[in-house]
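What follows is each chain in one-letter form.
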Amino acid sequence: QVQLVESGGGLVQAGGSLRLSCAASGSSFSINAMGWYRQAPEKQRELVATITSGGSTNYADSVKGRFTISRDNAKNTVYLHMNSLKPEDTAVYYCNADVFVKATLVPGWYNYWGQGTQVTVSS
């Protein structure tokens, strides 16, 4: 199996910056696309940014120009650099990955979620 662990969340003032990290761990797996999603209280989970194995990126309009997604394939890690943070960015941020698992009774493509990390932006 594969585990995704997020880190880097916290409390920051409006206009500040944070960098989130998500590291995948396990054995006998490879990762295709990775992404960041967020969910505020009483709201649906929404896509923030995605990145393919080849480095192509996609961003939600609300974060375009402020957030940057990147990945280090050697470390199986995806990052989200968040600049010019706004109070409306406050949410739990979740890492997501499409993973091909090789070492299992039923090998194949699986989708995994991290446990989430809280980002709070104060005004």
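Residues numbered from 1 in each chain as written. Predicted model: local features only at pLDDT ≥ 70, side-chain atom pairs only at ≥ 80, totals over all residues. Heavy atoms only, no water.

Regarding the sheet that holds strand β3 (residues 18-26)
Within a beta sheet, neighbouring strands are joined by backbone hydrogen bonds and run either parallel or antiparallel to one another. Reading across the sheet, the four strands line up as β1-β3-β8-β7 and stay open at both edges, with antiparallel pairing between neighbours. Of all the strands in the sheet, just β1 (2-7) and β7 (67-72) have a single pairing partner and so form its edges. Adjacent strand axes in the sheet meet at a mean angle of 15°, parallel and antiparallel pairs treated alike. Here β3 runs beside strand β8 (residues 77-82); their pairing, made up of six bridges, is antiparallel. Bridging from a neighbouring strand, A23 pairs with T77 of β8. (Pairing = 2+ DSSP bridges. Helix = DSSP H or I, 4+ residues; strand = E, 2+ residues; numbered from the N terminus. Axes fitted to C-alpha atoms, helices over the stretch in contact; angles between N-to-C directions.)

Digging into the side chain of E6
Looking at the secondary structure, you find E6 in strand β1. No salt bridge forms around the buried E6; measuring N to O, its nearest opposite-charge neighbour R45 is 7.7 Å away. There is a polar contact of 2.7 Å between the side chain of E6 and the backbone nitrogen of C95. Polar contacts involving the side chain of E6 include one to the main-chain amide nitrogen of Q115, which spans 3.0 Å. Look past the residues within four positions of E6 in its chain and what remains in contact with it is S21, C22, W36, Y93, Y94, C95, G114, Q115, G116 and T117. (Buried < 20%, exposed > 50% of the residue type's maximum accessible area, 1.4 Å probe, protein only. Lys, Arg positive; Asp, Glu negative; His and termini not counted. Salt bridge = Lys/Arg side-chain N within 4 Å of Asp/Glu carboxyl O. Polar contact = N/O pair within 3.5 Å; in protein donor to acceptor, adjacent residues only side chain to side chain. Contact = heavy atoms within 4.5 Å.)

Thoughts on the environment of A24
Position of A24 among the secondary structure elements: in strand β3. For A24, a relative accessible area of 9% corresponds to the buried category. For A24 and N76, which are 52 residues apart along the polypeptide, the C-alpha to C-alpha distance reads 5.5 Å. Discounting chain neighbours no more than four positions away, the residues touching A24 are V2, Q3, L4, F29, I31 and N76.

Here's the deal with the pairing of β3
Where β1 meets β3, six bridges bridge the pair, whose relative direction is antiparallel. Its bridge partner being in β3, V5 is matched across the sheet by A23.

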